[in-house]
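Spelled out, the chains give:
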Amino acid sequence: MGKKQKNVLFIMADQLRWDYLSCYGATHIHTPNLDWLASKGVRFNKAYVQSPICGPSRMSFYTGRYVRSHGSTWNGFPLRVGEPTLGDHLREIGAKCSLVGKTHMTPDREGMKRLGITPESTIGALVAECGFDVRVRDDGTNNSDYPGRQGEDYDQYLRDHGMDGDNPWEEWANTAIGPDGEKRSGWLLDNARLAARVPKEHSETAWLTTRGIEYIEEQGDQPWLCHLSYIKPHWPFLAPAPYNDMYSAQDIPAVSRTDAERNTEHPLMRAWMDMRVCQTMSRDDVRNLVAPCYMGLIKELDDQMGRLFAYLRESGRMDDTMIVFCSDHGDNMGDHWLGEKDLFYDCSARIPLLVYDPGQEADATRGTSSDALIEAIDLAPTFLDFMGGEAKPHILEGRSLTPLLHGELTEWRSFAVSEYDYSTRDARQDVGVDQSDARLTMIFDGRWKYTYVEKMRPMLFDLETDPEELCDLGGNPDYAGEIERLQGLHFEWTRRHHNRITRTAEAVNTMAANKEPPGILIGFRNKEELEKEGRTLPAHTIG
């Protein structure tokens, strides 16, 4: 009898805060279907992305490598051709790696052209799509003003269901009808309480769920990974009825910020809080409009998870499929006087991570939680491990979660790392930092969160005494010792091999054991020394 087939359903939400799920203790919203998944697997409480922005975060998920290693440091910065991806690793062991939804991937077209790889070729299509075999690519819009975003499949779906127009996504999913019958755009936050024109059964969230189910239904005996990647609750903030007015300002959690934060002497933070999106989202009247819509989009997503999980139970796929639910980053939502994602506060860099392993080995941990420090790059080696592949620690910088899922004692990392390239942000120009120096690095050891800021003083938070991260201790001389210790961890991390990926440790050790390559004899004084090491001269020489 052969091995049982193993599959992976890798679900990702976009811009979903960890603390907006009831399985993580949220009381302002109830997410029973994701709570159910948590009850069947492990809830990871300290999971952090490698960058709190869509593109670089996702490239780390898909390569299993830190941002400094894969080099795609910002949205629209291409993932260089030749960077190994999850799809590459899985195809080596005979598994499919398919996409249904968003990746925010920008291909390295210049690199492909240099190597003679065309996007239309088999290998070119994989390189251009981050190693995924694309079933559906939907990055949230198909607005011609935002090149590289894709949504043509959803546009056609809307047209097929009677929702026509020059841009159906814009005109139906991102347009509401105002009180006087006029069309209102979802790009404007004042319209966040209005219902999107698209009915809930045809929303992008519902449509992607359907496409994910269809994909799974069509799979045969070949093992597969399906990356079901949703675009919500990411902006634009517009939800279909009844989710648009399911919550009100009275339902949202209190904002987390202080006047002292707003009056900080840190030049970068002052500039950041002065950016338009931060000033807008820091207004109570705006947050009172947007946060209820954000919650409605989360509730819609949870309802669709219920539909998806019901299908998995009924089809028997719960028996052979690992299910992972996470997000690519969070949303500041006015906390710390900030809008959007960005920076390393827990509302932005910490994510929900729920993992269900169908194997009997995981029975002991079902319904439990873990406080181990998890990085987004841990998922790629976890999937490879689960599907029977050999470990690749010289390429994949994350660690397989298998020991944690199986309740095994194991040494784990002592700190997590996240990076941020703010070279394209207005704040960088406001503080007069050159683009080459516009970088931040977070080192978090489970209590102390340290942020290295090039050209400026660091930031430091003690999450044990200050879990809301309201008091920056980075300028307080009383904490110089902690800063020095964390600087040491940062230096330790930078000294690791990040790009020696073409030779395994075993290959390196074999090379070391074999001394010089065959036929190369260096430093031998005579034949006696040569023979002592079991080496011989070439046959045509006499010594």
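On a predicted model such as this, the values are computed, not experimentally measured, just so you know.

**Notes on the sheet that holds strand 1 (residues 7-14)**
Then comes step 1: Taken together, eight strands build an open sheet; the order of strands is 4-3-7-1-8-9-2-10 and the sheet is mixed. Only two strands of the sheet have a single neighbouring strand rather than two, namely strand 4 (133-137) and strand 10 (368-375). Recorded for the sheet is a direction-independent mean angle of 20° between the axes of neighbouring strands.
Then comes step 2: As paired elements, strand 2 (residues 42-48) and strand 10 share six bridges and run parallel to each other.

**Points about the pattern of salt bridges**
Then comes step 1: What the rule picks out here adds up to 37 salt bridges.
Then comes step 2: In this structure, Arg80 and Glu83 form a salt bridge, with 3.3 Å as the shortest nitrogen-oxygen distance.
Then comes step 3: Residue Glu83 is classed as buried on the basis of its relative accessible area, which comes to 8%.
Then comes step 4: Between Arg447 and Glu464 there is a salt bridge, with the nearest N and O atoms lying 3.6 Å from each other. A residue pair is termed long-range when its members are at least 10 positions apart, and Arg447 in the loop between strand 12 (439-444) and strand 13 (448-453) and Glu464 in the loop between strand 14 (459-462) and helix 18 (480-494) qualify at 17 residues.

**Considerations on the packing of aromatic side chains**
Each aromatic ring pair is summarised here by two numbers: the centre-to-centre distance and the angle between the ring planes.
Then comes step 1: This structure, assessed with the given rule, holds 20 aromatic pairs.
Then comes step 2: Arranged with centres 5.2 Å apart and planes meeting at 85°, the rings of Tyr66 and Trp493 form a pair that is edge-to-face. Of this pair, Tyr66 sits in the loop between helix 2 (54-63) and helix 3 (67-70) while Trp493 is found in helix 18, placing the two residues 427 residues apart along the sequence. The same class applies to Tyr66 and to Trp493, which are both buried.
Then comes step 3: Their ring planes at 15° and their centres at 6.1 Å tell us that Tyr154 and Tyr157 sit as a pair that is stacked. On the criterion of helical spacing, the pair formed by Tyr154 and Tyr157 is a turn pair, its members being three residues apart in helix 7 (residues 152-160).
Then comes step 4: We classify Tyr157 as buried; its relative accessible area is 18%.
Then comes step 5: Site record: aromatic cluster; members linked through ring pairs are Trp74, Trp272, Tyr420 and Tyr422.
Then comes step 6: The cationic tip of Arg43 hangs over the ring face of Tyr24; the distance from NZ or CZ to the ring centre is 5.6 Å.

**Considering unusual backbone geometry**
Then comes step 1: Cis peptide bonds are those with omega within 30 degrees of zero, and the linkage from Trp235 to Pro236 qualifies with 0°.
Then comes step 2: Its place among the elements puts Pro236 in the loop between strand 7 (224-233) and helix 10 (259-262).
Then comes step 3: At the junction of Ala241 and Pro242, the peptide bond is cis and its omega measures out at 5° in the coordinates.
Then comes step 4: Of note, Pro242 is situated in the loop between strand 7 and helix 10.
Then comes step 5: Of note in this structure, Gln15 is not a glycine but carries a positive phi near 70°.
Then comes step 6: Its place among the elements puts Gln15 in the loop between strand 1 and helix 1 (32-40).
Then comes step 7: Exposure remark for Gln15: the relative accessible area of 0% places this residue in the buried category.
Then comes step 8: Even without a glycine there, the phi angle at His104 is positive, about 60°.

**Some points on the nonpolar core**
Then comes step 1: Counting 63 residues, the largest nonpolar core has Ile11, Met305, Leu308, Phe309, Leu312 and Phe325 as the members making the most contacts within it.
Then comes step 2: Ranked by residue count, the leading element in this core is helix 13 (residues 284-315), at 14 residues.
Then comes step 3: Apart from the residues within four sequence positions on either side, Ile11 is in contact with Leu228, Tyr230, Met305, Leu308, Phe309, Ile323, Val324, Phe325 and Cys326.
Then comes step 4: Core analysis: the next-biggest nonpolar cluster, separate from the first, contains 40 residues, Met59, Cys130, Ala380 and Trp412 among them.

**Points about the packing of helix 1 against helix 13**
Then comes step 1: Where helix 1 contacts helix 13, the two axes come as close as 7 Å, and the packing angle between them is 50°. When the interaxial angle is binned, helix 1 and helix 13 end up oblique. Residues Pro32, Asn33, Leu34, Trp36 and Leu37 of helix 1 lie in contact with helix 13, whose contacting residues are Lys299, Asp302, Asp303, Met305, Gly306, Phe309 and Arg313.
Then comes step 2: Counted by class, the contact of helix 1 with helix 13 contains six nonpolar, two polar and four charged residues.

Calculation rules
- Residues numbered from 1 in each chain as written.
- Predicted model: local features only at pLDDT ≥ 70, side-chain atom pairs only at ≥ 80, totals over all residues.
- Heavy atoms only, no water.
- Pairing = 2+ DSSP bridges.
- Helix = DSSP H or I, 4+ residues; strand = E, 2+ residues; numbered from the N terminus.
- Axes fitted to C-alpha atoms, helices over the stretch in contact; angles between N-to-C directions.
- Salt bridge = Lys/Arg side-chain N within 4 Å of Asp/Glu carboxyl O.
- Buried < 20%, exposed > 50% of the residue type's maximum accessible area, 1.4 Å probe, protein only.
- Phe/Tyr/Trp six-rings, centres within 6.5 Å; stacked < 30°, edge-to-face > 60°.
- Lys NZ or Arg CZ within 6 Å of the ring centre and 35° of its normal.
- Core = buried A, V, L, I, M, F, W, Y, C linked by side-chain atoms within 4.5 Å.
- Contact = heavy atoms within 4.5 Å.
- Parallel < 35°, antiparallel > 145°, perpendicular 65-115°, else oblique.
- Nonpolar A, V, L, I, M, F, W, Y, C, P; charged D, E, K, R; others polar.

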